[in-house]
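Okay, here's what each chain looks like letter by letter:
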Amino acid sequence: AERVLCGLFAELLGLERVGADDAFFDLGGDSIMSMQLVSRARRAGLVVSPRDVFEHKTPAALAVVAGMPPAQAGEVVAAAGDVPLTPVMRWRAELADLNGRFAQWAVLTVPAGLDLAALGAALGAVLACHGMLRARLAGAGAQLRLEVPAEPLVPPADLVSRVDAAALTPAELVGLVPGQGRAASARLDPRAGVMVQLVWLDRGGEQPGRLLVVGHHLVVDGVSWRVLVPDLAAAYQSVLAGQAPALEPVAVPFRAWALALAGQAAEAGRVAELGHWEQVLALDEPLLGDRALDRARDTAATRQRITLPVSVQRTAELLTSVPAAFHAGINDVLLAGLVAAVTRWRARRGQAASGVLVDLEGHGRQPLPGAADLSRTVGWFTRSEEHTSELQSHHD
């Protein structure tokens, strides 16, 4: 078990070798990688949970607890049924219509002469495994919700299309992708249960093609792709081999997690936190710019980006030794640095250091009672959390 885990550590972290007593996060691992570690360990016959990785950290310690299925509190929740909108979904609904084009997509290189029928069958297996991909948006206002049916509302083959790209140059192929992505996004229809589109850019029988996989953001997030892409590839290979796809089961459906999250919101302990968060959000601090945020002007289309190179040595320190010294993660280190920089910048301008309020997006896959193992769960987990400059004193 130690040898297997050492190999998985090295594979995920891009290292030549890892010792049995090397800690995952000290080597540069993060919470998303820990979920990948859990998934790969299970395929290798070792059952560990993301919480195990955080608590035990090393291959030697994990090997001791491996093999014990993670405890599941309460009854098992079915994937199918009503799913309450999570806070991030409700936030999005306040900004814009959830029916609108709001998608993520991935572009994959696929073998020449892809079998379109096999691809449709593979997508069917993926939809059967991951309930959120067959969800539909229902209700309105306070009753807005997602419904996950037992079977897809649309035949999987109808979600797959082919575009002839055989005559295109490599540059033209690259240029074709954005337009096809927008067109596929426009075909998504949450109310009708159309949450996914596959577009095969066929380059003929001699050249590898491209596969555009488009998913509505209501049912996928950045981490979901790390589950979906390998599953789609595995299912396709099984279909080609004349076998029924046997994808690894999902331990906790998104519906179970969403229900557990909604339940927590009503618990006395959570409700008691309301005053604290209202105080945090009421922090009176000067603007960083010359004016307040204007949602009509301040969009992705008008943003600017500045890139500053950082040396290999400094990067290595930030990813390994500094977080280890403070028993923190890289996000904590960078956040502390941001707060320190803004505080000093304001001080040079004669502004009082009343605090820095940071709205930080996280992947959101936090284990909850009864919904702890999210290593193979597909859905939109993104969370927003506010941090103040109090964090700076913890890391100075």
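First things first, this report covers the structure right here in the doc. (Residues numbered from 1 in each chain as written. Predicted model: local features only at pLDDT ≥ 70, side-chain atom pairs only at ≥ 80, totals over all residues. Heavy atoms only, no water.)

1. Quick word on the pattern of salt bridges
Part 1: Scanning the model with the defined rule gives 10 salt bridges in all.
Part 2: Across the salt bridge formed by Asp 231 and Arg 376, the nearest N and O atoms sit 2.8 Å from each other. Here Asp 231 is found in helix H8 (residues 225-240), whereas its partner Arg 376 is found in the loop between strand S8 (358-362) and strand S9 (383-387), with 145 residues between them in sequence.
Part 3: Its salt-bridge partner being Arg 270, residue Glu 273 comes within 3.1 Å of it at the nearest N-O pair.
Part 4: Bridged by salt links that share partners, the residues Asp 82, Arg 136, Arg 145 and Glu 147 form one connected network. (Salt bridge = Lys/Arg side-chain N within 4 Å of Asp/Glu carboxyl O. Helix = DSSP H or I, 4+ residues; strand = E, 2+ residues; numbered from the N terminus.)

2. Considerations on the nonpolar core
Part 1: Ranked by size, the top nonpolar core spans 54 residues in total, and within it Leu 133, Leu 146, Leu 198, Leu 211 and Leu 218 carry the most contacts.
Part 2: Sorting elements by how many residues they give to this core places helix H6 (residues 116-129) first, with 7 residues.
Part 3: With residues near it in sequence (within four places) discarded, Leu 146 still touches Gly 81, Asp 82, Val 83, Leu 85, Met 89, Met 132, Arg 136, Leu 137, Met 195 and Leu 218.
Part 4: If you look at the next biggest cluster of nonpolar residues, it comprises 19 residues, including Leu 5, Phe 9, Val 18 and Val 48. (Core = buried A, V, L, I, M, F, W, Y, C linked by side-chain atoms within 4.5 Å. Buried < 20%, exposed > 50% of the residue type's maximum accessible area, 1.4 Å probe, protein only. Contact = heavy atoms within 4.5 Å.)

3. Digging into the packing of H6 against H8
Part 1: Two elements in contact, H6 and H8, have axes whose closest approach is 8 Å; the angle formed by their N-to-C orientations is 130°. Judged by the angle between their axes, H6 and H8 are oblique. Crossing of H6 against H8: the hand is right-handed. When H6 is examined against H8, the residues Ala 118, Leu 119, Ala 121, Ala 122, Leu 123, Ala 125, Val 126 and Cys 129 are found in contact with a partner set consisting of Leu 228, Asp 231, Leu 232, Ala 235, Tyr 236, Val 239 and Leu 240.
Part 2: Per-class residue counts for the contact of H6 with H8 are 14 nonpolar, no polar and 1 charged. (Axes fitted to C-alpha atoms, helices over the stretch in contact; angles between N-to-C directions. Parallel < 35°, antiparallel > 145°, perpendicular 65-115°, else oblique. Left-handed = near helix turned anticlockwise from the far one by under 90°. Nonpolar A, V, L, I, M, F, W, Y, C, P; charged D, E, K, R; others polar.)

4. Structural notes on the sheet that holds strand S2 (residues 103-110)
Part 1: The sheet built from 4 strands is open, its strands ordered S2-S7-S6-S5 with mixed pairing. Edge strands, defined here as strands with exactly one partner in the open sheet, are S2 and strand S5 (160-164). If you compare each strand with its neighbour and ignore which way they point, the axes differ by 20° on average.
Part 2: Of the pairings in the sheet, the one linking S2 to strand S7 (residues 209-216) comprises 8 bridges and is antiparallel in character. Directly across from Trp 105, in S7, lies its bridge partner Val 214.
Part 3: Of the strands in this sheet, S5, strand S6 (196-202) and S7 are in contact with H6, which crosses S5 at around 145°.
Part 4: Packing against the sheet, helix H7 (residues 170-187) makes contact with S2, S5, S6 and S7, and its axis sits at approximately 155° to S6. (Pairing = 2+ DSSP bridges.)

5. So, unusual backbone geometry
Part 1: Phi is positive for Lys 57, close to 70°, though the residue is something other than glycine.
Part 2: Counting through the fold element by element, Lys 57 comes out in the loop between helix H3 (50-56) and helix H4 (59-65).
Part 3: Residue class for Lys 57 comes out partly exposed when judged on its relative accessible area of 36%.

6. Notes on the sheet that holds strand S3 (residues 136-138)
In any sheet, the strands associate via hydrogen bonds between backbone groups, in a parallel or an antiparallel arrangement.
Part 1: Taken in spatial order, the 3 strands make up an open sheet running S1-S4-S3, and their pairing is antiparallel. Of all the strands in the sheet, just strand S1 (81-84) and S3 have a single pairing partner and so form its edges. In this sheet, neighbouring strand axes are inclined to one another by 35° on average, regardless of whether the strands run parallel or antiparallel.
Part 2: Across 4 bridges, S1 lies against strand S4 (residues 145-148) in antiparallel orientation. Counted as the bridge partner of Val 83 is Leu 146 from S4.

7. What to know about the side chain of Arg 255
Part 1: With respect to the helices and strands, the residue Arg 255 is situated in helix H9 (residues 254-265).
Part 2: Buried and without a salt bridge, Arg 255 has Asp 82 as its closest oppositely charged side chain, separated by 6.6 Å.
Part 3: A distance of 3.0 Å separates the side chain of Arg 255 from the backbone oxygen of Ala 78, its partner in a polar contact.
Part 4: Here the side chain of Arg 255 touches Ala 80 through a polar contact of 3.3 Å, landing on its backbone oxygen.
Part 5: If we skip the residues at most four places from it in the chain, Arg 255 touches Val 77, Ala 78, Ala 79, Ala 80, Gly 81, Asp 82 and Val 83. (Lys, Arg positive; Asp, Glu negative; His and termini not counted. Polar contact = N/O pair within 3.5 Å; in protein donor to acceptor, adjacent residues only side chain to side chain.)

8. Observations concerning H7
Part 1: The first and last C-alpha atoms of H7 sit 26 Å apart over 18 residues, in line with the 26 Å expected at 1.5 Å per residue.
Part 2: By the burial criterion, the buried members of H7 are Leu 173, Val 177, Gln 180, Gly 181, Ala 184 and Ser 185.
Part 3: On the buried face of H7, the contacting elements are S2, S5, S6 and S7. (Expected span 1.5 Å × (residues − 1).)

9. Things to note about the packing of aromatic side chains
Part 1: In total, this model carries 7 aromatic pairs according to the counting rule given.
Part 2: With 5.6 Å between their ring centres and 65° between their planes, Phe 102 and Trp 380 make a pair best called edge-to-face. Here Phe 102 is found in the loop between helix H5 (87-95) and S2, whereas its partner Trp 380 is found in the loop between S8 and S9, with 278 residues between them in sequence.
Part 3: Using a relative accessible area of 3% as the deciding quantity, one classes Trp 380 as buried.
Part 4: Pairing Phe 254 with Trp 257 gives two aromatic rings, centres 5.9 Å apart and planes at 45°, and the pair type is tilted. Here Phe 254 pairs with Trp 257, and both are found in helix H9, just 3 residues apart, close to one helical turn. With respect to class, Phe 254 is no different from Trp 257; both count as buried.
Part 5: Cluster of aromatic residues (ring-pair linked, three or more members): Phe 9, Phe 24, Phe 25 and Phe 54.
Part 6: Positioned over the ring face of Phe 102 is Arg 92, at 3.7 Å from the centre of the ring.
Part 7: The cationic tip of Arg 162 hangs over the ring face of Trp 200; the distance from NZ or CZ to the ring centre is 6.0 Å. (Phe/Tyr/Trp six-rings, centres within 6.5 Å; stacked < 30°, edge-to-face > 60°. Lys NZ or Arg CZ within 6 Å of the ring centre and 35° of its normal.)

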